[in-house]
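# Coordinate analysis (summary)
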Amino acid sequence: MPSVSMLGQIAEDAPTYLLVAVRCFALVMTMPFFAARTFPRIVKVAFAGYIAFLMFPHVDFSSYVRFFEPNGGISLSFILLLVGEGAIGVILGLFVAILFAAFSSAGQFFSFQMGFSASEVYDALSQVENPLMGQFFNLIAMLVFLHNDWAQLIFSHGLESSFDSLNALSLVASREKIVQFLLAGLTRLFADAFLIALPLVGTLMLVSITMGILSKAAPQMNLLSEGFPVMILLSFLTIWTLLGDSNFGFIRFFEQSFLSGLRSLGRLFAASRGGA
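Described below are features of the structure shown in this document. (Residues numbered from 1 in each chain as written. Predicted model: local features only at pLDDT ≥ 70, side-chain atom pairs only at ≥ 80, totals over all residues. Heavy atoms only, no water.)

## Looking at the overall build of the protein
Secondary structure summary: the protein contains ten helices and two strands in total. Starting at the N terminus, the α and β elements of the protein follow one another as α-α-α-α-β-β-α-α-α-α-α-α. The proportion of buried residues among the 276 residues of the protein is 42%. If you sum the accessible surface of the protein, you get close to 14,700 Å²; carbon and sulfur atoms cover 69% of it. (Helix = DSSP H or I, 4+ residues; strand = E, 2+ residues; numbered from the N terminus. Buried < 20%, exposed > 50% of the residue type's maximum accessible area, 1.4 Å probe, protein only. Areas by Shrake-Rupley, 256 points an atom, 1.4 Å probe, with all protein chains shown as cover.)

## Brief notes about a nonpolar patch on the surface
Together, Phe 109, Phe 190, Phe 194, Leu 195 and Leu 198 make up a nonpolar patch on the protein surface, roughly 490 Å² of accessible area in all. Ranked by residue count, the leading element in the nonpolar patch is helix H8 (residues 175–217), at four residues. One can find Leu 195 in helix H8. Overall, Leu 195 belongs to the partly exposed group, its relative accessible area being 39%. (Patch = residues over 30% accessible without salt bridge, like charges linked within 9 Å, V, L, I, M, F, W, Y side chains within 5 Å. Salt bridge = Lys/Arg side-chain N within 4 Å of Asp/Glu carboxyl O.)

## Describing the nonpolar core
In terms of nonpolar packing, the biggest core is built from 68 residues, with Val 20, Met 31, Phe 137, Phe 145, Ile 154, Leu 159 and Phe 254 touching the most fellow members. By residue number, the principal contributor to this core is helix H4 (residues 76–114), which donates 14 residues. If sequence neighbours within four positions are ignored, Phe 254 has contacts with Leu 99, Phe 100, Phe 103, Ala 141, Val 144, Phe 145 and Trp 150. (Core = buried A, V, L, I, M, F, W, Y, C linked by side-chain atoms within 4.5 Å. Contact = heavy atoms within 4.5 Å.)

## Observations regarding the pattern of salt bridges
On inspection of all chains with the given rule, the structure shows one salt bridge. Put simply, Glu 85 and Arg 23 hold a salt bridge, and the shortest N to O gap is 2.7 Å. Of this pair, Glu 85 sits in helix H4 while Arg 23 sits in helix H2 (residues 14–30), and the two are 62 residues apart along the sequence. Both residues of the pair, Glu 85 and Arg 23, belong to the buried class.

## Focus: empty space enclosed by the protein
The tally for this structure, following the rule as stated, stands at two cavities of 30 Å³ or more. Counted as a void, the largest cavity has a volume near 40 Å³. Residue assignment for the lining of the largest cavity shows that the elements contributing at least two residues are H4 and helix H10 (250–275). Among the residues forming the lining of the largest cavity, the class breakdown is five nonpolar, one polar and one charged. (1 Å grid on protein atoms, 1.4 Å probe; cavity = no way out; pocket = protein on both sides within 12 Å on 5 of 7 lines; lining within 4 Å. Points joined across faces, edges and corners; volume = space filled by probe spheres on them. Nonpolar A, V, L, I, M, F, W, Y, C, P; charged D, E, K, R; others polar.)

## Topic: the packing of aromatic side chains
For any pair of aromatic rings, the description consists of the separation of the ring centres together with the inter-plane angle of the planes. On inspection of all chains with the given rule, the structure shows two aromatic pairs. When the centroid spacing of 6.1 Å and the interplanar angle of 70° are considered together, the rings of Phe 136 and Phe 137 count as edge-to-face. Taking the relative accessible area as the measure of exposure, Phe 136 reaches 31% and is therefore partly exposed. (Phe/Tyr/Trp six-rings, centres within 6.5 Å; stacked < 30°, edge-to-face > 60°.)

## Looking at H8
The terminal C-alpha atoms of H8 lie 61 Å apart, and with 43 residues this matches the ideal 63 Å at 1.5 Å per residue to within 8%. Considering bend angle alone, the principal kink of H8 is centred on Ala 197 and spans about 45°; proline Pro 199 follows within four residues of it. Among the residues of H8, those classed as buried are Ile 178, Phe 181, Gly 185, Leu 189, Asp 192, Ala 193, Ile 196, Ala 197, Leu 200, Leu 204, Val 207 and Met 211. (Expected span 1.5 Å × (residues − 1). Bend = angle between axes of the 7 residues up to and from the residue.)

## Digging into the layout of surface pockets
Reported here for the largest pocket is a volume of approximately 290 Å³. If you go around the largest pocket, you meet 15 residues; those closest to its centre are Ala 184, Gly 185, Arg 188, Gly 261 and Ser 264. In terms of residues, the lining of the largest pocket owes the most to one element, H8, which gives seven residues.

## Details of the side chain of Ser 235
Note on placement: Ser 235 falls in helix H9 (residues 223–243). In this structure Ser 235 comes out as buried when scored by relative accessible area, which is 1%.

## Some details on the packing of H2 against H4
One can describe the packing of H2 onto H4 by two numbers: an axis separation of 7 Å at closest approach and a directional angle of 30°. Here H4 runs roughly parallel to H2, going by the angle between their axes. Where H2 crosses over H4, the two elements pack in a sense that is right-handed. Packed against H2, whose contacting residues are Pro 15, Leu 18, Leu 19, Val 22, Arg 23, Ala 26, Leu 27 and Thr 30, the element H4 presents Phe 78, Leu 81, Leu 82, Glu 85, Gly 86, Ile 88, Gly 89, Val 90, Leu 92, Gly 93, Leu 94 and Ala 97 at the interface. Taken together, the residues that form the contact of H2 with H4 break down as 14 nonpolar, four polar and two charged. (Axes fitted to C-alpha atoms, helices over the stretch in contact; angles between N-to-C directions. Parallel < 35°, antiparallel > 145°, perpendicular 65-115°, else oblique. Left-handed = near helix turned anticlockwise from the far one by under 90°.)

Encoded structure:
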């Protein structure tokens, strides 16, 4: 009986449900962890459909009514609305992907100094060829993301507030604000990646300078063969120290970046609502 009632509610307002489902599906397909190929496509579709079913009774799409065909047909205007809803879902997923890309890029910054630059493997989370340390940092970020229930926060707060303040029509009116938000996010990506990698890059640079001085002072020590093990050991020791640092550590930095990014996303939605 519940499944019949659910299908009945969807059939009564199918155009609205389809618009909500497209935004939810676009978010699921672009959001890290959920977008991984290890998740079957049918699971993603079912998950997005269930989220859309929970959302669409609380969504106000009255501004879309004039684009709906009286006989239930699909017009060009309705297709453009679907594209706009999908673009909003992609923007939400891209916001989370930028945070994970910062950690992945940080691992790429110092992989060469550690001697791991040649060990590129396929990362199932980011779905790209990633150096070993980039994949390691990406995995740490994913564990923190799931441990703090931020996935639920994205769906319950971010997705819900996007329905309240942003639609396909206001997306066109606020396109300049959205482009600025994405460009600022990409700029912040490289800045955050540099800050994450800075302790390791500095440590490895000092080790390289020390090894160079010692190799000039005592060439017979053959420090070239001993340099990489020392760098690898010091790098993992630095990572272990920063992971346990509660004041300035990788986990603390990721938490601050996520909450700051979520506030920026809220400001974007507020500005889009005001400019709609």
